[in-house]
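Residue-level structure breakdown
Each chain, written out:
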Amino acid sequence: MKPALPTDRLAVGGPASDDDRMPDAGRRGLLKAAVAGTALGGLPFAGCATTTGTRWQGPPALGFRSIAPMVDDTVRVPPGYQVRVLSAWGDPIGSPLGAPAFRQDGSNTAAEQLLQSGMHHDAIEYFPLPFGSSQSSRALLAINHEYTDDGLLHVGGMEPWTAEKVAKSQAAHGVSILEVEATGKGWQVVNPSRHARRITARTPMAISGPAAGNPALRTSYDSSGTLARGTMNNCAGGHTPWGTYLTCEENWHFYFNGGSAPIPEALRRYGVRAKGATRWHEHDARFDLALEPNEPNRFGWVVEIDPYDPESVPVKRTALGRFKHEGAMLAIAPDRRLAWYMGDDEAFEYVYKFVTRDPYNPRDRAANRNLLDHGTLYAARFNDDGSGEWLELVHGRNGLTRENGFADQADVLIRTRAAADRVGATRMDRPEWGAVHPTTFEVYMTMTNNALRGTPGRPGPDAANPRARNVFGHILRWREAGRDPKATRFSWDIFALGGDPSSADAGQHGNVKGDSYGSPDGLWFDPSGYLWIQTDVSTSALNRGDYQRMGNNQMLVADVVTGETRRFMTGPNGCEVTGCAMSPDGRSLFVNIQHPGEPAGDRSNPARPKAISSWPDGAAGGRPRSATVVVTRIDGGRIGT
Ligand code: FEO
Ligand code: CA
Ligand code: CA
Ligand code: CA
C-alpha cells in the first residue's frame, strides 16, 4: 500500500462566490468564506478553524514578546525560546563515504568539501521520514548553498587562484540533503545516513521539458542539450506535493566570463558581461564564453530533486522558464492541477506563475514524475485599479510569434525575460520569495527594494510599486479569481510598505503595524497562518544611519488579518536571515543564517569578515560560518503561539 502524501504544508484552492476585488478595508471579511467548502486535508489549525461556514478568526494571537532590533554577533529569540546551531558550512553531512572534520583555516580540500555542508545557506525544506508520514522527530532537510565567499573558503583567500580552489568553490555550491533527528540533546545530523548527499555545481543532471535538446543548450560536454552539469546560485526553493524539492537558480550570470567577443543580446538581457564576478573560467572552460557560448543557457532554471532517493538524478525543468529564479511557491487547485508562483529577483523584472497541464496523482508518486514538463507559464500584469492579469508565455500567443523574433516555445522559455517584455508584464521592485496562505489561498510576495525606481531613464512609481527610490521594499498580495490558482485574473493590494518610522525622509516611512523592517526577502506561511518575514538589507545599506536603527537582519511574524507584526529573531553581524521550515507538529523551527560577517567591500580577505563576526564558533573559533539553526520553545510548545 502506498503511504498517504503529506498535506500539512499544502495550500489547496477552492471555489468562492465573493467578488474578486480586494478592498483595503474588511480583510477579515475576505477570510470569512475561506474555510467553508474547502479541501483542507490535514491542515493543523491550532484549534482556531471552523468548517461550518462561520467566521474564521485568523491564527491564534501571537504569543511571544517581540524583541528589540539588535546590532550584535549572535542570534536572539524571544524570552521562553532557545536556539542552537544544527549544521554550519564545513560540518560533515553524514555521508557514508566519510565525515571529514571542518578546519577553521580553510584547509579542507575540494574532495572533503564534497562531504561537508556547503557555504551560504539559503532556502530550506523539511521532508518527514519516512516519506508520507507527518513525523516531527526525523526528517530530511534540503538546504540551498547560494554562493561562496572565496576569501573565507580557502587558505589565503583567492591568492593564488588555482584549479583546486575552483573545484572547492563548486563543491561548496548547490544543495545539501541532511538526515536529522530529534534526540535528548536536541536535533542532530544523523551520521552516517544513506540519505546524506551533496549536489554541487558539477553534479550531472538532466534537462527536460520543452527546451530540452534545443540547439542553444548544446555544448561540447553535451551535444544532446539534455544533460547539464551542476546547479548554482541556488537561492529560494519550493516543493511538490509528491515530496520532491525545487531549487532555484538565481544569479547564475555572475559565473560566466564573456571575454572580448561581443555578448549576444539574449545573454546581455540576463546580465552576462565581459567580466564575471567569479574566476571559475580561469580553470574551468565551461565558464569561458569564448569556449562554451551555450553553457549559460543551461542555467537559470528550476531544478527538481528527490531527497528520498540518493541515487536520483536532479532534473532542470525548462517549462518553468529561465530567469533569475528566486523561489517556487506551490498552490493546489480543486482539480489537483498545480500552480507555482515565482519571482525574478532583479530591479524591474517580473512575477511569474506556472500551471501544470495535468492533475497530480496523490496515490502514485511515480505518476507525477514528469508533471513539471507540461503546463503554461504566465507573467503578471498589475493594473493600477487593483486588478491583475496572468499573461500567457506561449508561442503564437500575445505576440510571441516568429515575426516578432520568437522561433518556438523553447525559444520563449530560454528567453523568458524577453517574452515577458513582449507581452507587457509589469516591471517590479525585485520580486523575491512568495508564500501562499493555507486557507485563504492569497499569495504574498516580497518586493525587496529598488533604489533605481524613478531615477533618470528608469520607470517611475506605479500602483504596485508605489515608491520612487524604494530602499525599504514592500510586500504585495493577490487573490486569484474564484480562489483558483489556475485563474488568469486576480485582484491585488499592498500588504505592507517596509520602512523606518523615525527616518527623516518622509518618503521612506513604511506602514508596518508594529515592528518595522527593511528589504523583506524570505517569506513563509506556517500552517497556522502566521506570515514569517525575513530581511536582507544589504551590507552597504546597513552602514546607513536609518538602517542601523533597524538593527541586523532579522525575522518577524505577521498576523495577516490584523497586520500586527512582531520581531522574532535577530541575526549576527553582517548576516542575512533566509529560509525557514517547521516540523509538522509546529514545535521546531529551522532557520538559515547566511553570510555572517559579510564585509561591505572586498570579500577576498579572510581577516576582514572575522573582524565583523566570528559567529557561530566565537572569537576562539575563527571564520564566520553560514548555518542552519533550530528554534524551540523551552516549554516544548508550538512556535509563535
Ligand atoms: Fe538570492 Fe534574491 O536572493
Ligand atoms: Ca533571497
Ligand atoms: Ca535578497
Ligand atoms: Ca542572499
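Our subject is the structure that appears above.
What this report covers is the structure whose coordinates are included nearby. Computed from a predicted structure; not experimentally measured.

**Concerning the overall build of the protein**
A tally of helices and strands in the protein yields ten helices and 31 strands. Within the protein, the proportion of its 641 residues that are buried is 63%. Counted over contacts in the protein with a minimum sequence separation of 6, partners at least 24 positions apart contribute 66%. Surface accessibility of the protein: about 21,400 Å² in total, with carbon and sulfur atoms responsible for 51%.

**Focus: the coordination of the calcium ion (ligand 4)**
Each angle at a metal carrying four tetrahedral donors should ideally be 109.5 degrees, and each at a metal carrying six octahedral donors should ideally be 90 or 180 degrees. Donor atoms from the polypeptide that coordinate the calcium ion (ligand 4) comprise E146 (OE), E576 (OE), E576 (OE) and Q594 (OE1), at 2.5 to 3.1 Å from the metal. Separating the calcium ion (ligand 4) and the calcium ion (ligand 2) is a distance of 4.8 Å. Taken together, the residues span a long stretch of sequence, with E146 in the loop between strand 3 (138-145) and helix 3 (150-153) and E576 in strand 29 (residues 576-582) at a distance of 430 residues. Among the residues examined, E576 registers a relative accessible area of 5% and is labelled buried.

**Observations regarding the sheet that holds strand 24 (residues 513-514)**
Read across the open sheet, the five strands follow the order 24-28-27-26-25; overall the sheet is mixed. Both outer strands of the open sheet, strand 24 and strand 25 (520-525), are each paired with one neighbouring strand and no more. As paired elements, strand 24 and strand 28 (residues 564-570) share two bridges and run parallel to each other. Across the sheet, G514 pairs through a bridge with T565, a residue of strand 28.

**Observations concerning the side chain of S613**
When you line up the elements, S613 lands in the loop between helix 10 (607-612) and strand 31 (627-633). A polar contact of 2.7 Å, which involves the side chain of S613, links it to the side chain of D73. In terms of polar contacts, S613 uses its side chain to reach the backbone amide nitrogen of W615, at 3.0 Å. Ignoring any residue separated from it by four or fewer positions in sequence, one finds S613 in contact with D73, N573, P596, G597, G622 and P624.

**Quick notes on the nonpolar core**
Judged by nonpolar contacts, the single largest core of 57 residues is most densely connected at V351, F382, W478 and L531. Every residue in contact with L531, bar those within four places of it in the chain, is listed here: A435, Y444, F495, L523, W524, F525, L556, V557, A558 and V560. Counting residues in each nonpolar core, the second largest holds 49 residues, with C248, V272, Y352 and L400 among its members.

**Things to note about the pattern of salt bridges**
The full count for this structure, using the stated rule, is 36 salt bridges. Note that D91 is salt-bridged to R625, the shortest N-O span being 3.0 Å. Of this pair, D91 sits in the loop between strand 1 (81-88) and helix 2 (110-113) while R625 sits in the loop between helix 10 and strand 31, and the two are 534 residues apart along the sequence. The partner of D222 in a salt bridge is R298, and the shortest N-O contact between them spans 2.9 Å. Of this pair, D222 sits in the loop between strand 7 (204-208) and strand 8 (227-229) while R298 is found in the loop between helix 5 (265-268) and strand 11 (302-305), placing the two residues 76 residues apart along the sequence. For D222, a relative accessible area of 3% gives the class buried. Relative accessible area serves as the criterion here: at 1%, R298 is assigned to the buried category. Linked through salt bridges whose partners overlap, the residues forming this network are R269, K324, D344, E346, E349, R417 and D421.

**A few points about helix 7 (residues 416-423)**
In terms of burial, helix 7 is a largely internal element, six of the eight residues being buried. The complete set of buried residues in helix 7 reads T416, R417, A418, A419, A420 and V423. Its buried side turned inward, helix 7 meets strand 15 (347-349), strand 16 (351-356), strand 17 (375-382), strand 18 (387-392) and helix 6 (409-414).

**Observations concerning the coordination of the calcium ion (ligand 3)**
On the protein side, the calcium ion (ligand 3) has E432 (OE), D521 (OD) and D536 (OD) as donor atoms, found 2.2 to 2.5 Å from it. The metal-metal distance between the calcium ion (ligand 3) and the calcium ion (ligand 2) comes to 3.7 Å, with E432 coordinating both. With D521 in strand 25 and D536 in the loop between strand 26 (530-535) and helix 8 (539-542), this pair connects stretches of sequence that are 15 residues apart. The pair formed by D521 and D536 is uniform in burial state, with each residue classed as buried.

**Here's the deal with the side chain of S614**
Inspection of the secondary structure assignment puts S614 in the loop between helix 10 and strand 31. With relative accessibility at 12%, the residue S614 sits in the buried group. Excluding residues that lie within four positions of it along the chain, S614 makes contacts with D73, A619, G622 and P624.

**What to know about the sheet that holds strand 8**
If you walk across this open sheet you meet the six strands as 8-7-12-11-10-9, and the pairing is mixed. Each having just a single partner strand, strand 8 and strand 9 (234-239) make up the two edges of the open sheet. On average, adjacent strands in this sheet sit at an angle of 35 degrees to one another, irrespective of strand direction. Two elements, strand 9 and strand 10 (residues 245-249), share four bridges in a ladder whose sense is antiparallel. Bridging from a neighbouring strand, H239 pairs with Y245 of strand 10.

**Concerning unusual backbone geometry**
Note the cis peptide between L129 and P130, where omega equals 0 degrees. If you trace the backbone, P130 turns up in the loop between strand 2 (121-128) and strand 3. At the junction of E159 and P160, the peptide bond is cis and its omega measures out at -10 degrees in the coordinates. Residues other than glycine seldom take positive phi values, yet N233 does so here, at roughly 55 degrees. Its place among the elements puts N233 in the loop between strand 8 and strand 9. A relative accessible area of 3% places N233 in the buried class.

Analysis parameters
Residues numbered from 1 in each chain as written. Chains lettered and ligands numbered in written order. Predicted model: local features only at pLDDT ≥ 70, side-chain atom pairs only at ≥ 80, totals over all residues. Heavy atoms only, no water. Helix = DSSP H or I, 4+ residues; strand = E, 2+ residues; numbered from the N terminus. Buried < 20%, exposed > 50% of the residue type's maximum accessible area, 1.4 Å probe, protein only. Contact = heavy atoms within 4.5 Å. Areas by Shrake-Rupley, 256 points an atom, 1.4 Å probe, with all protein chains shown as cover. Donors = N, O, S within 2.8 Å, 3.2 Å for Na, K, Ca; no water. Pairing = 2+ DSSP bridges. Polar contact = N/O pair within 3.5 Å; in protein donor to acceptor, adjacent residues only side chain to side chain. Core = buried A, V, L, I, M, F, W, Y, C linked by side-chain atoms within 4.5 Å. Salt bridge = Lys/Arg side-chain N within 4 Å of Asp/Glu carboxyl O. Axes fitted to C-alpha atoms, helices over the stretch in contact; angles between N-to-C directions.

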